[in-house]
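Residues per chain, in single letters:
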Amino acid sequence: DVKVTQSSRYLVKRTGEKVFLECVQDMDHENMFWYRQDPGLGLRLIYFSYDVKMKEKGDIPEGYSVSREKKERFSLILESASTNQTSMYLCASSLGAGRGLNEQFFGPGTRLTVL
Amino acid sequence: ILNVEQSPQSLHVQEGDSTNFTCSFPSSNFYALHWYRWETAKSPEALFVMTLNGDEKKKGRISATLNTKEGYSYLYIKGSQPEDSATYLCAFPMDSSYKLIFGSGTRLLVRP
């Protein structure tokens, strides 16, 4: 059974804290993605990675950074958390070949609240 | 900027009703169209990835059609069941890249 796991389902942090969200996939996928989902909006891409140590900005990268040191792990970092980063964060992965033809496999999400 | 629109935003139906909803996307430079189902407290999961104009895909009681020339896809659910309650998302790859542009979803509630 293919799996994308995220380190926490719920997280509460204070403004200004550094926050790490971890994602691990066991499917040997080349691509990994971080999205956030807010009410009334679709999933918005924060960053993605198509290979180890490679990353590209998505649509809303401001205030975030990422790290991909190993193929199976993709971390999202909030350098200094702010209240407007309160959201549901979803990680996903997909095969590298075929680009937009490949379905994405999602983790269960982390609901982050920044106080 | 690419825009993917879904309608309606939400839908309440009675168990046994058939229902459908729409995804609209830019018709130029079409590459593929994805449908995902996102049940509460679960991970979004792919239903279909469609690529050909006129394509129709089916998974149990759920089916989808695709019109790339006019830029829309319909998702149909026949004989809705309470377990079909979920948010249904469509997504469109930006050019042929890995990046998907998601619609805001149609939230379906099936009442027993």
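Here the structure is a predicted model, which means the values were calculated and not measured.

**Remarks on the environment of threonine 65 of chain B**
Residues and elements named next belong to chain B. Among the secondary structure elements, threonine 65 is positioned in strand β7 (residues 62-67). Along the chain, threonine 65 and glutamate 83 lie 18 residues apart, while their C-alpha atoms are 22 Å from each other. Non-local contacts of threonine 65, meaning those with residues more than four positions away in its chain, are made with Met50, Asp55, Glu56, Tyr72, Ser73, Tyr74 and Tyr76.

**Quick word on the environment of asparagine 20 of chain B**
Residues and elements named next belong to chain B. Along the chain, asparagine 20 falls in strand β3 (residues 19-24). Asparagine 20 sits 58 residues away from lysine 78 along the chain, and the two C-alpha atoms are 8.6 Å apart. Excluding residues that lie within four positions of it along the chain, asparagine 20 makes contacts with Leu11, Leu75 and Tyr76.

**Digging into the pattern of salt bridges**
Within this structure, the stated rule accounts for 10 salt bridges over all chains. In this structure, arginine 36 of chain A engages aspartate 38 of chain A in a salt bridge whose closest nitrogen and oxygen atoms are separated by 2.9 Å. For arginine 36 of chain A, a relative accessible area of 8% gives the class buried. With a relative accessible area of 10%, aspartate 38 of chain A lands in the buried category. One salt bridge in this structure joins arginine 61 of chain B and aspartate 84 of chain B, with 2.8 Å as the shortest N-O distance. Of this pair, arginine 61 of chain B sits in the loop between β6 (56-59) and β7 while aspartate 84 of chain B sits in the loop between β8 (72-77) and β9 (86-93), placing them 23 residues apart in sequence. Given the relative accessible area of 33%, arginine 61 of chain B is considered partly exposed.

**Describing the confidence of the model for chain B**
Note that predicted coordinates carrying low pLDDT should not be read in detail. Mean pLDDT over chain B stands at 92; residues scoring 70 or higher make up 96%. Put simply, strand β10 (residues 100-102) of chain B is where chain B has its lowest mean pLDDT, 90, and β8 of chain B is where it has its highest, 97.

**Considering the interface of chain A and chain B**
Taken together, the contacts link 28 residues of chain A with 23 residues of chain B. Taken together, both faces of the contact between chain A and chain B bury some 2,000 Å²; the carbon and sulfur share is 63%. It is Arg99, Gly100 and Leu101 of chain A that lose the most area in chain A upon contact with chain B, and together they represent 26% of the buried surface on that side. At the surface where chain A touches chain B, the tally comes to zero salt bridges. Applying the counting rule to chain A against chain B returns four residue pairs in polar contact (both at pLDDT 80 or more).

**Considering the sheet that holds β8 of chain B**
Residues and elements named next belong to chain B. Across the sheet, five strands lie side by side as β1-β3-β8-β7-β6; this open sheet has antiparallel pairing. At either margin of the open sheet sits one strand with a lone partner, and together these are β1 (5-7) and β6. Going from strand to strand, the sheet's axes swing by 15 degrees on average, the running direction of each strand aside. Note that β1 and β3 share three bridges and pair antiparallel. The partner of glutamate 5 across the bridge, within β3, is serine 24.

**Looking at the sheet that holds strand β1 (residues 4-6) of chain A**
Residue and element names in this part refer to chain A. Strand order in the open sheet formed by four strands is β1-β3-β8-β7, and the pairing between neighbours is antiparallel. The sheet is open, and its two edges are formed by β1 and β7 (64-70), each paired on a single side. Each strand of the sheet is rotated relative to its neighbour by a mean of 20 degrees, with strand direction disregarded. Judged from the three bridges that link them, β1 and strand β3 (residues 19-25) form a sheet pairing that is antiparallel. Within β3, the position partnered with glutamine 6 by the bridge is cysteine 23.

Parameters and conventions
- Residues numbered from 1 in each chain as written.
- Chains lettered and ligands numbered in written order.
- Predicted model: local features only at pLDDT ≥ 70, side-chain atom pairs only at ≥ 80, totals over all residues.
- Heavy atoms only, no water.
- Helix = DSSP H or I, 4+ residues; strand = E, 2+ residues; numbered from the N terminus.
- Contact = heavy atoms within 4.5 Å.
- Salt bridge = Lys/Arg side-chain N within 4 Å of Asp/Glu carboxyl O.
- Buried < 20%, exposed > 50% of the residue type's maximum accessible area, 1.4 Å probe, protein only.
- pLDDT = per-residue confidence, 0-100.
- Buried area = accessible area lost by both parts, 1.4 Å probe.
- Polar contact = N/O pair within 3.5 Å; in protein donor to acceptor, adjacent residues only side chain to side chain.
- Pairing = 2+ DSSP bridges.
- Axes fitted to C-alpha atoms, helices over the stretch in contact; angles between N-to-C directions.

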